[in-house]
There are 4 protein chains.
Amino acid sequence: MSPSQPLRGVVPPVCTPLDAAGEVDTASLARLVEHLVGGGVHGLFALGSSSEVAFLTDPQREVALRTVVEAAAGRVPVLAGVIDMTTPRVLAHAEAARAAGADALVATAPFYARTHPRETARHFRTVRDRSGLPLYAYDLPVSVHSKLSPALVRELAEDGTLAGLKDSSGDEGSLRRLVVALGGRDGRADGPAPAFSILTGSELTVDAALLAGADGVVPGLGNVDPAGYVRLYDAVRAGDLDRAVAEQERLVALFDLVDAGPESEMGRNSSAIGAFKHALRLLGVVAHGTTAAPQIPLDETAVAHVEARLRAAGLLPVR
Amino acid sequence: MSPSQPLRGVVPPVCTPLDAAGEVDTASLARLVEHLVGGGVHGLFALGSSSEVAFLTDPQREVALRTVVEAAAGRVPVLAGVIDMTTPRVLAHAEAARAAGADALVATAPFYARTHPRETARHFRTVRDRSGLPLYAYDLPVSVHSKLSPALVRELAEDGTLAGLKDSSGDEGSLRRLVVALGGRDGRADGPAPAFSILTGSELTVDAALLAGADGVVPGLGNVDPAGYVRLYDAVRAGDLDRAVAEQERLVALFDLVDAGPESEMGRNSSAIGAFKHALRLLGVVAHGTTAAPQIPLDETAVAHVEARLRAAGLLPVR
Amino acid sequence: MSPSQPLRGVVPPVCTPLDAAGEVDTASLARLVEHLVGGGVHGLFALGSSSEVAFLTDPQREVALRTVVEAAAGRVPVLAGVIDMTTPRVLAHAEAARAAGADALVATAPFYARTHPRETARHFRTVRDRSGLPLYAYDLPVSVHSKLSPALVRELAEDGTLAGLKDSSGDEGSLRRLVVALGGRDGRADGPAPAFSILTGSELTVDAALLAGADGVVPGLGNVDPAGYVRLYDAVRAGDLDRAVAEQERLVALFDLVDAGPESEMGRNSSAIGAFKHALRLLGVVAHGTTAAPQIPLDETAVAHVEARLRAAGLLPVR
Amino acid sequence: MSPSQPLRGVVPPVCTPLDAAGEVDTASLARLVEHLVGGGVHGLFALGSSSEVAFLTDPQREVALRTVVEAAAGRVPVLAGVIDMTTPRVLAHAEAARAAGADALVATAPFYARTHPRETARHFRTVRDRSGLPLYAYDLPVSVHSKLSPALVRELAEDGTLAGLKDSSGDEGSLRRLVVALGGRDGRADGPAPAFSILTGSELTVDAALLAGADGVVPGLGNVDPAGYVRLYDAVRAGDLDRAVAEQERLVALFDLVDAGPESEMGRNSSAIGAFKHALRLLGVVAHGTTAAPQIPLDETAVAHVEARLRAAGLLPVR
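Residue indices follow the written sequence of each chain, beginning from 1 at its first position. Lettering for chains starts from A, numbering for ligands starts from 1, and both go in the order in which the items are written. Thresholds applied to this predicted model are a pLDDT of at least 70 for local features of residues and 80 or more for the giving and counting of side-chain atom pairs; totals over whole chains, interfaces and linings are not thresholded and use all residues. Based on all heavy atoms of the structure, the side-chain values leave hydrogens and waters out of the count.

1. Here's the deal with the environment of Leu140 of chain A
The cut-off we apply is this: In this description a helix means any DSSP run of H or I spanning at least four residues, a strand means any run of E spanning at least two, and both kinds are numbered starting from the N terminus. Between two residues, a contact is recorded if the distance between any of their heavy atoms is within 4.5 Å.
Among the secondary structure elements, Leu140 of chain A is positioned in the loop between strand 5 (135-139) and helix 5 (141-144). C-alpha of Leu140 of chain A to C-alpha of Asp167 of chain A: the two residues are 27 residues apart in sequence and 6.9 Å apart in space. With sequence-adjacent residues up to four places away left out, Leu140 of chain A is seen in contact with Ser49, His145 and Ser168 of chain A together with Tyr112 of chain D.

Here is the structure:
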């Protein structure tokens, strides 16, 4: 379970259930961890984007992370997001994450301030050096508004700064170039590069990413259907790609739940996170579908859309 | 060979060789067509982005298209790009393409003028109605600066406006949602949708795209190594995904030739097109590596980079 | 009237009236030129974005330009847009513009293909050298998706490639840096730089731009109210900035007509161009409000919005 | 000095001097406040982008703000930036700012998470309601990656949510539409809208912005030359626009110091902030030119560039 070994498998970004007042609902969060571990996942990513990390205050982040670590109880490694604008603020989160028992850290490039790639490299090196924990780079241009270049990731992989990459850039071509540069799908473990985990955040093309050499997936939708993603992962590992494609297509259809809220009325983020949380509520895992301010909550029509998708995917009985 | 049937396989965007004066080198272009058809490709896409369609005058476009149609001689279908800013200008190109013998048209959404999705739908419907040829939508946000939504493509697929999609958006998740919406990888032929070809322009992840349900690929690099892409396609069709991955990884390594020109000195477009053309020259297929104005030509160092990549990929003998 | 001298004043981008079939309505266009020249404008910009240049076929471009040149009859200079993707295509338009009698050309940087600044410089130099006409650079990032840097414009001003700049980038800070680099508001004529016209396309801040050192303005709204822009220009030149601000504020209020069409239903381009054309129809200048395909036409509600704005601005009698 | 009255004049974003270890250098910061107040500025904006707010930890933010409030000693109002990703985190900063004695708050729209305009409105309303302090919206698309629409700002101005706007969007046309919608340059105080301060962050076009109806300016360069901006402001208020233009042009030339660091080596942010800080060091105001991690520091050549600009602008004696 040491995260300094390449992490493989399904590592969902754990939603952060909130109570009606907007505080972390620790009982629901512990049940969610049980739901995920029980579904067979291989790791947990706390304080990621799907965890509403951008919305949680520092005390809430600490409560959420401690709850996940405690509930995981060493059964799977816990990665902790240390998401903030720049190096000094990320270092403060890293210190808190270490104290809370995280096994590894996940950091983006700096955002808000415009940053040069050389400064981004400095950022990751400083966080790695000061935190003393394995570090995953989180490539998420939709939020960070810059893309980590394959050349930079490769440099930071080869000098040991990074233990892995969580790639949510959607740029599968660049990811493929990185895999090949690091030794190819089959050769990475033996190559000149140290062990390096490539985790895709592209939850709709996991079969393809694993085929191409990714080591695992960080699927937001995995909160709702962890067992589905584990079956998909196992099918690829077993070489049964037809089964993998069928499972992936079922999950793609289920993913439609993220469109619950109308685009003219609310953000795509709010719609997706609200849908995951209401799905978990309908499945009996968490108590509330509450999302953090200023996100607009799903209305009844939107919740009905979520419920219909759960029934269509076989996660709730068809009425 | 009727393009009103779903087009499948490898359909390279045919480079347009130019002579030293910048005019279309028809003898080289005919040899290139022979190189491609001889490599086993299943169709040809003339006047695409890799053909420098944006740089060719209308008379040059006509010469290039007529040369490809004549050289193809009915052995494979010829798709013709009708790339321009808006409907009236695209219609003029469509008329020219029909007269030159194209089997189908490939059009982007309008660009330069900002266009609403409803206007984009009107655009494709008008081009389809007036041209009388099968129409492929070309999704290329890097040039067009808007993305075709899966919902719009689906609408235009289901009402018969589009015969297919050439997806160079790199948004594999949206493409997957489209595949599933149209019936899934195995069900598309039998579903409520008419036959609809999905061709990916993501030349570095063809194995993954075909696994996911794409029908074919439009690889710029296929100018250089058509047989490699045909082997990759055949391996997936034969269910031999390990062989497909190995072939894809070889092509990914070869793709490094597009970085021949230094980023600080010339555009990424010029570097890639220049590299394809010089590779074809080094392989003895075309006479010149000339690219159209205002592209900066590759210098000697860059050409040496191209040559080294060809040797490493086994396309030229290692010295 | 020689455009090789710095062009100063109000130079509206002339709308291209279309008949119901979408062809150029030359009688309306001649009346529009009379409306503009009668309003006191100092030049005419044919085949600009507000002229729907992106929508006109090559024969339509020629008809429109010849009509403007003939109607202007030497009273004011005529600048012609040569808007296309790359150098070879722009050169073809430049040849046609020279043949039609244009006094100067207006070209953007290349678009569709990604272009390096060095290639953009090559582009402008080639167009200037081959066309033999004074050349204005048209900086329009909303359409071209790149911004001309002040350093590049300055280089091309100082070596005589460019006779001027039509700046629709909205980046007033960069424009100011350019003015200062070229000698400052008062010093440009005498500095080391050759005469160089700076025309702003920011029609809502003309008072400010002229104060800062711009030589003139290219206002789309000037089609509707040329005399208003001429009064605004004259007020600044006379040093009566209070009067200039009042006139500008009246024009800003009038500009609301571009929001005629609902954003959820049609493009911002279609709404603005449709509003200008319907306003001209309501003013009795042109026969139709038709816009080119695929633009969605204004509906009755939208036209009523245009009419109300004209009445509020004093251009139609208040009922 | 009540910030619930419209704030007018020069309100520089106060740089945060750091010592060699990267901690807030409070002695230097107090001297900087004296430099600014002594220069005649009308307010201070602590914890803005030029203050490196994105780089300061929460304890550092508190030290910096308390130092500014204490040094200002009630002579001018102190606005405090509460820059963070979403509402809950901004509220935590608001609480700290109130405790530290800020007179008003400055908040951006949410960032990192994609947010709908309705959610952005909710965000500002919640921050205003919970904080109990006058609230300024900070429109900074280069960092926040969304633009506040004039319609939204107007709505929040008219219902009293916002006391003002700090507009660093560079979109002068939209700002002008807002001024006109709120009653025009001269009519805003008497219109239906409550008093509302419009402060531009466009430090290179202050003469133009004030002419158009802005109430003041928040110039990063004002750290270096506060008296220059005060003279510029006073000249416009006195109706002497020629003097204002001359002063603005001098400041535009001085602004070249932000290009001290080479674009290929460091971020534009690092170059600008580093230049401001080294300029302040050369002027004897602060002890170090240190910038926060991961920004690359200016090298000797860059510092020499800064010094040359200071001499050229008359801020240091010419040697």
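2. Remarks on the sheet that holds strand 1 (residues 9-10) of chain D
Residue and element names in this part refer to chain D. Counted only if it meets this: Two strands are said to pair when DSSP picks up at least two bridges between them.
With parallel pairing, the eight strands of this open sheet are ordered in space as 1-8-7-6-5-4-3-2. One side of each edge strand has no neighbouring strand; the edge strands of this open sheet are strand 1 and strand 2 (44-46). Summarising the sheet, strand 2 and strand 3 (residues 78-81) pair through three bridges and their orientation is parallel. Residue pairing across strands places Ala46 opposite Ala80, the latter belonging to strand 3.

3. Side note on the interface of chain D and chain A
Quick reminder of the rule: Two parts placed together each lose some accessible area under a 1.4 Å probe, and adding up what both lose gives the buried area. What makes a salt bridge here is a side-chain nitrogen of Lys or Arg within 4 Å of a carboxyl oxygen of Asp or Glu, nothing more.
At the interface, 45 residues of chain D touch 45 residues of chain A. Taken together, both faces of the contact between chain D and chain A bury some 3,900 Å²; the carbon and sulfur share is 57%. On the chain D side of the interface with chain A, the three residues burying the most area are Arg89, Tyr112 and Arg114 of chain D, jointly 21% of the side's total. Between the two partners, chain D and chain A, sit six salt bridges.

4. A closer look at the packing of aromatic side chains
Aromatic ring pairs: the centre-centre distance and the angle between the two ring planes describe each pair. The following threshold applies: Only rings of Phe, Tyr and Trp enter the pairing, Trp through its six-membered ring, and a pair is recorded when the two centres are within 6.5 Å. The plane angle decides the type: under 30 degrees is stacked, over 60 is edge-to-face, the rest tilted. Each residue gets one of three labels from its accessible area relative to the maximum for its type: buried under 20%, exposed over 50%, partly exposed in between, using a 1.4 Å probe on protein chains only.
As enumerated under the stated definition, the model contains 10 aromatic pairs over all chains in all. A centroid spacing of 5.7 Å and a plane angle of 75 degrees characterise the contact between Phe45 of chain B and Tyr138 of chain B, whose relative ring orientation is edge-to-face. Of this pair, Phe45 of chain B sits in strand 2 (residues 44-46) while Tyr138 of chain B sits in strand 5 (residues 135-139), and the two are 93 residues apart along the sequence. In terms of burial, Phe45 of chain B and Tyr138 of chain B fall into one category: buried. The interplanar angle of 65 degrees and the centroid separation of 6.4 Å between the aromatic rings of Phe111 of chain B and Phe111 of chain C together place this pair among those described as edge-to-face. Taken together, the residues span two chains, with Phe111 of chain B in the loop between strand 4 (104-108) and helix 4 (117-131) and Phe111 of chain C in the loop between strand 4 (104-107) and helix 4 (117-131). Taken together, the aromatic side chains of Phe111 and Tyr112 of chain A together with Phe111 and Tyr112 of chain D make up a single cluster linked through ring pairs.

5. Quick look at the pairing of strand 4 (residues 104-107) of chain A
Here is the key point about a regular strand: its side chains alternate between the two faces of the sheet. Residues and elements named next belong to chain A. For clarity, the threshold we go by: Orienting the strands away from the viewer, one traces the path from the first strand over the helix to the second; a clockwise path indicates a right-handed crossover.
Here strand 4 shows a buried face lined by Ala104 and Val106 and a second buried face lined by Leu105 and Ala107. Handedness of the β-α-β unit built from strand 3 (residues 78-81), helix 3 (residues 87-100) and strand 4 comes out right-handed. Read from strand 4 through helix 4 (residues 117-131) to strand 5, the crossover connection turns out right-handed.

6. Quick notes on the relation of the copies chain D and chain A
A rotation about some axis, followed by a shift along it, carries one copy of the chain onto the other. Going by this rule: Fitting of the copies onto one another was done by least squares over C-alpha atoms, counting residues only where both copies have pLDDT of at least 70.
Between chain D and chain A, the superposition needs a rotation of 180 degrees and an axial shift of 0.0 Å, giving an RMSD of 0.0 Å. Taken together, the turn and the small shift mark the pair as related by a two-fold rotation axis. A share of 100% of the interface residues of chain D reappears at the interface of chain A, consistent with the copies meeting face to face through the same patch.

7. Concerning the interface of chain A and chain B
Heads up, the condition is: Pairing of N or O atoms within 3.5 Å defines a polar contact, subject to two protein rules: one partner must be a possible hydrogen donor and the other a possible acceptor, and residues neighboring in sequence count only if both atoms are side-chain atoms.
If you look at the interface, chain A gives 25 residues, while chain B gives 25 residues. When chain A packs against chain B, the two sides together hide about 2,200 Å² of surface, and 60% of this comes from carbon and sulfur. The largest per-residue losses of area from chain A upon contact with chain B belong to Arg176, Arg177 and Glu249 of chain A, which jointly make up 31% of the total buried on that side. Put simply, chain A and chain B have eight salt bridges between them. Taken together, the connections running from chain A to chain B amount to 10 residue pairs in polar contact (both at pLDDT 80 or more). When contributions to the side of chain A that touches chain B are tallied by element, the ones reaching two or more residues are helix 7 (172-181), helix 8 (206-212) and helix 10 (241-255) of chain A. Looking at the side of chain A that touches chain B element by element, the count peaks at eight residues for helix 10 of chain A.

8. Structural notes on the packing of helix 11 (residues 268-282) of chain B against helix 12 (residues 300-312) of chain B
All names here are of chain B. Rules: Angles run from 0 to 180 degrees between N-to-C directions of axes, and those axes are lines fitted to C-alpha atoms, restricted for helices to the stretch in contact. With the far helix as reference, a near helix turned anticlockwise by less than a right angle produces a left-handed crossing, and one turned clockwise produces a right-handed crossing. Here the nonpolar group is Ala, Val, Leu, Ile, Met, Phe, Trp, Tyr, Cys and Pro; Asp, Glu, Lys and Arg are the charged ones; every other residue, Gly included, is treated as polar.
Running from N to C, helix 11 and helix 12 point in directions that differ by 65 degrees, and their axes come no closer than 9 Å. The two elements helix 11 and helix 12 cross, and the hand of that crossing is right-handed. The residues of helix 12 that touch helix 11, namely those facing Ala275, His278, Ala279, Arg281 and Leu282, are Val303, Val306, Glu307 and Leu310. Residues of the contact of helix 11 with helix 12, tallied by class, amount to six nonpolar, one polar and two charged.

9. Some points on the UniProt feature "active site" (unreviewed entry) in chain A
All names here are of chain A. Applicable threshold: UniProt positions are given in the numbering used here, feature names are shortened, and annotations may be inferred rather than shown by experiment.
Taking the numbering used here, the UniProt-annotated feature "active site" (unreviewed entry) corresponds to Tyr138 and Lys166. Spanning 29 residues, the named residues form one tight spatial group whose C-alpha atoms are at most 4.8 Å apart. Looking at Tyr138, its side chain comes within polar contact range of the side chain of Ser49, at 3.0 Å. Its place among the elements puts Lys166 in strand 6 (residues 164-167). Setting aside its immediate chain neighbours within four residues, Lys166 contacts Phe45, Ala137, Tyr138, Asp139, Leu199, Gly201 and Val218.

10. Remarks on the relation of the copies chain A and chain B
Screw-axis analysis of chain A against chain B gives a translation of 0.0 Å along the axis, an RMSD of 0.0 Å, and a rotation angle of 180 degrees. A high fraction, 100%, of the interface residues of chain A reappear at the interface in chain B, so the copies pair face to face through one surface.

11. Structural notes on the environment of Val217 of chain D
Residue and element names in this part refer to chain D. With respect to the helices and strands, the residue Val217 is situated in strand 8 (residues 216-217). In this structure Val217 comes out as buried when scored by relative accessible area, which is 1%. Taking the C-alpha atoms as reference points, Val217 and Leu282, 65 residues apart in sequence, are found 25 Å from one another. In this structure Val217 touches Gly9, Val10, Val11, Leu199, Thr200 and Val206, once residues within four positions along its chain are discounted.

12. Digging into the sheet that holds strand 2 (residues 44-46) of chain C
Residues and elements named next belong to chain C. In space, the eight strands of this open sheet follow the order 1-8-7-6-5-4-3-2, with parallel pairing throughout. Both outer strands of the open sheet, strand 1 (9-10) and strand 2, are each paired with one neighbouring strand and no more. Packed onto the sheet, helix 4 meets strand 4 and strand 5 (135-139) and runs at close to 150 degrees relative to strand 5.

13. A look at the UniProt feature "binding site: pyruvate" (unreviewed entry) in chain A
All names here are of chain A. UniProt feature "binding site: pyruvate" (unreviewed entry): in the numbering of this structure it lies at Val218. Tracing the backbone through its elements, the reader meets Val218 in the loop between strand 8 (216-217) and helix 9 (226-237). Those residues in contact with Val218 that sit more than four places away from it in its chain are Val11, Pro12, Pro13, Phe45, Lys166, Leu199, Thr200 and Gly201.

14. With respect to unusual backbone geometry
Phi is mostly negative for residues that are not glycine, and the peptide bonds are mostly trans. Here the amide bond leading from Ala293 of chain B into Pro294 of chain B is cis, since omega sits at 5 degrees, within 30 degrees of zero. As for its placement among the helices and strands, Pro294 of chain B is situated in the loop between helix 11 and helix 12. The phi angle at Ala73 of chain A is positive, at roughly 50 degrees, despite the residue not being glycine. If you trace the backbone, Ala73 of chain A turns up in the loop between helix 2 (58-72) and strand 3. Here Leu47 of chain D, not a glycine, exhibits a phi torsion of approximately 65 degrees, which is positive. By the secondary structure assignment, Leu47 of chain D is in the loop between strand 2 and helix 2 (58-72).

15. Some points on the pattern of salt bridges
Inspection of the entire model under this criterion finds 92 salt bridges over all chains. Where Asp58 of chain A meets Arg89 of chain D, a salt bridge forms, and the shortest distance between an N and an O atom there is 2.9 Å. Highlighted residues: Asp58 of chain A in helix 2 and Arg89 of chain D in helix 3 (residues 87-100), drawn from two different chains. For Arg89 of chain D, a relative accessible area of 3% translates into the label buried. With its nearest N and O atoms 2.9 Å apart, the salt bridge here joins Arg125 of chain D to Glu155 of chain D. Within this pair, whereas Arg125 of chain D is found in helix 4 (residues 117-131), its partner Glu155 of chain D is found in helix 6 (residues 150-158), the two being separated by 30 residues in sequence. Within the structure, one salt-bridge network assembled from shared partners comprises Asp58, Asp84 and Arg89 of chain A together with Asp58, Asp84 and Arg89 of chain D.

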